[in-house]
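# Working through the structure, step by step
What follows is each chain in one-letter form.
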Amino acid sequence: MLVSVVIPCYYSEKTIRKVVEQVMAEFDKNDGYTCEFVLVNDGSKDGTYAEIQKLAAEYPNVRGVNLMRNFGQHNALMCGLHYAVGDCVLGMDDDMQTHPSQIFRLIHKLEEGYDLVYGVYPERKNSAAKNLTSKINEVTSRIMLERPKGISSSNFWIITRAVQAETIKYDSYNPYIDGIFYRVTHNIGNVQVEHFKRESGTSGYTLRKLINLWLRYWNYSVIPLRVSFFLGVFSVFAGIIIAILVVINKIIYPDVAVGWSSTLCVVVMLFGLVLLVLGVIGEYLGKIILILNNTPQYIIRETVNMAGTADIDGAAIPAGSRVSSPSRRTQ
């Protein structure tokens, strides 16, 4: 079995070699399995791509892609999925938190007949803030992305070639890998793996990036629009009830003056609700405009060790070409 290991790399000059060589060591221990690497440099400005080039020169099964700028982890993963040619594809991080020693737990679980397997962590080695945002993501993904009940997701996963082939058909500019996976299959398994501490650097996810990542959920759900609709319905009924109560109160107590403060509160609340609904609609319209403008999912500056790679029609893909079409790579 050939396993394609796809790793998005972001300022991982100090760790990527260790990740690659430890993964190779794990495969050397297991007969009947071999691996290839697709390392995608996601706009790192340090020596990450230079290190990828060195690894590609030393190991023929290491291939590299250098993106023209930082597009984000999920865009880099989509890029790597286009180039993976294995019988299955493993996604992992570049910082040793998704540890090579845990890989075969995912592989053996996939061999039980699943289309997708996530490694789940009984204990996370993250900060309290990161664990909190992960919990929020877990709850919202269950609601908005229709994640199967009882299934947990993580950035340590393995998929079959069939799932890969369907996933890369998605060519929007802001993909969310897990959302696409849930659309493709619900035959998903979990396996417990150990979560290791980051060996170097800090997470590249700032608060702004985490919010932008969460907003990608909206690409796969109309629930925010439905919530806006029901908020509008609730406001209409609340307004009718308040109006009836005001009339009744005026009939019973004709000398009671209508308060400006209560009126102001109602007006502010209703206008806030209107702006909220318009903001939700605007978010969807903005995404549609960016898609219509052909905003690229990623743009490739150069590649290494990609000689002989071809798309689904057999046409060679030149180094540095943009690959955003739903094509499948074979060798």
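Above: the structure in question.
The following refers to the structure shown. All values reported here derive from a predicted model rather than from experimental measurement. (Residues numbered from 1 in each chain as written. Predicted model: local features only at pLDDT ≥ 70, side-chain atom pairs only at ≥ 80, totals over all residues. Heavy atoms only, no water.)

## Points about the sheet that holds strand β4 (residues 88-91)
Basically, it comes down to this: What makes two strands pair is DSSP finding at least two bridges between them. Strands are runs of DSSP state E lasting at least two residues, helices are runs of H or I lasting at least four, and both sets are numbered from the N terminus onward. Under this scheme, a helix contributes an axis fitted over its contacting stretch, all axes are lines through C-alpha atoms, and angles between N-to-C directions fall in the 0 to 180 degree range. Every residue pair with non-hydrogen atoms within 4.5 Å of one another is taken to be in contact.
Within the open sheet, the eight strands sit side by side as β7-β5-β6-β4-β1-β2-β3-β8. Their pairing is mixed. In the strand order of this sheet, the two ends are held by β7 (188-192) and β8 (300-304), each with one partner. Within this sheet the neighbouring strands show an average axis-to-axis angle of 20°, counted without direction. Bridge count between strand β5 (residues 116-120) and strand β6 (residues 157-160): three bridges; the pairing is antiparallel. Paired with Leu116 across the bridge in β6 is Ile159. Along the sheet, helix α7 (residues 177-184) makes contact with β5, β6 and β7, crossing β5 at roughly 135°.

## Concerning the pairing of strand β2 (residues 34-41)
Spelled out, the test is: Remark: exposure states derive from per-residue accessible area (1.4 Å probe, protein chains only) relative to the maximum for the residue type, with buried under 20%, exposed over 50%, and partly exposed in between. The path from the first strand over the helix to the second decides the hand: if it runs clockwise while the strands point away from the viewer, the crossover is right-handed.
Extensive coverage of β2 is indicated by the burial of seven of its eight residues. In this sheet, β2 lies alongside strand β1 (residues 2-9) in parallel orientation, the contact comprising eight bridges. Looking across to β2, one finds that Ser4 is bridged to Glu36. Taken together, β1, helix α1 (residues 16-28) and β2 constitute a β-α-β crossover, and its handedness is right-handed. Bridge analysis of β2 against strand β3 (residues 62-67) gives five bridges, and the strand direction is parallel. Looking across to β3, one finds that Leu39 is bridged to Gly64. Of the crossover connections in this fold, the one passing from β2 over helix α2 (residues 48-58) to the parallel β3 is right-handed.

## Quick look at the nonpolar core
Test applied: The set of buried Ala, Val, Leu, Ile, Met, Phe, Trp, Tyr and Cys residues whose side-chain atoms join them within 4.5 Å is what this entry labels a nonpolar core.
Counting residues in hydrophobic clusters, the biggest one holds 35 residues, and the most contacted among them are Phe37 and Leu39. Here the element with the most residues in this core is α1; it accounts for six residues. Residues in contact with Leu39, not counting those within four places in the same chain, are Ile7, Cys9, Ile16, Val20, Ile52, Leu55, Val62, Arg63, Gly64 and Val65. With 32 residues, the next largest nonpolar core counts Leu145, Trp157, Tyr182 and Ile188 among its residues.

## Side note on unusual backbone geometry
You will see that Tyr11, though not glycine, has its phi angle at about 50°, which is positive. Within the secondary structure, Tyr11 sits in the loop between β1 and α1. Assessed through its relative accessible area of 43%, Tyr11 is described here as partly exposed. The backbone phi angle of Met96 is positive, close to 75°, even though this residue is not glycine. As for its placement among the helices and strands, Met96 is situated in the loop between β4 and α4 (103-110). When its relative accessible area of 1% is taken as the criterion, Met96 is described as buried.

## Quick word on α4
Counting buried positions along α4 yields six of eight residues, so the element is predominantly enclosed. Considered for burial, the residues of α4 that qualify are Ile103, Phe104, Leu106, Ile107, Lys109 and Leu110. Looking at the buried residues of α4, the elements they touch are β1, α1, β4, β5, β6 and β7.

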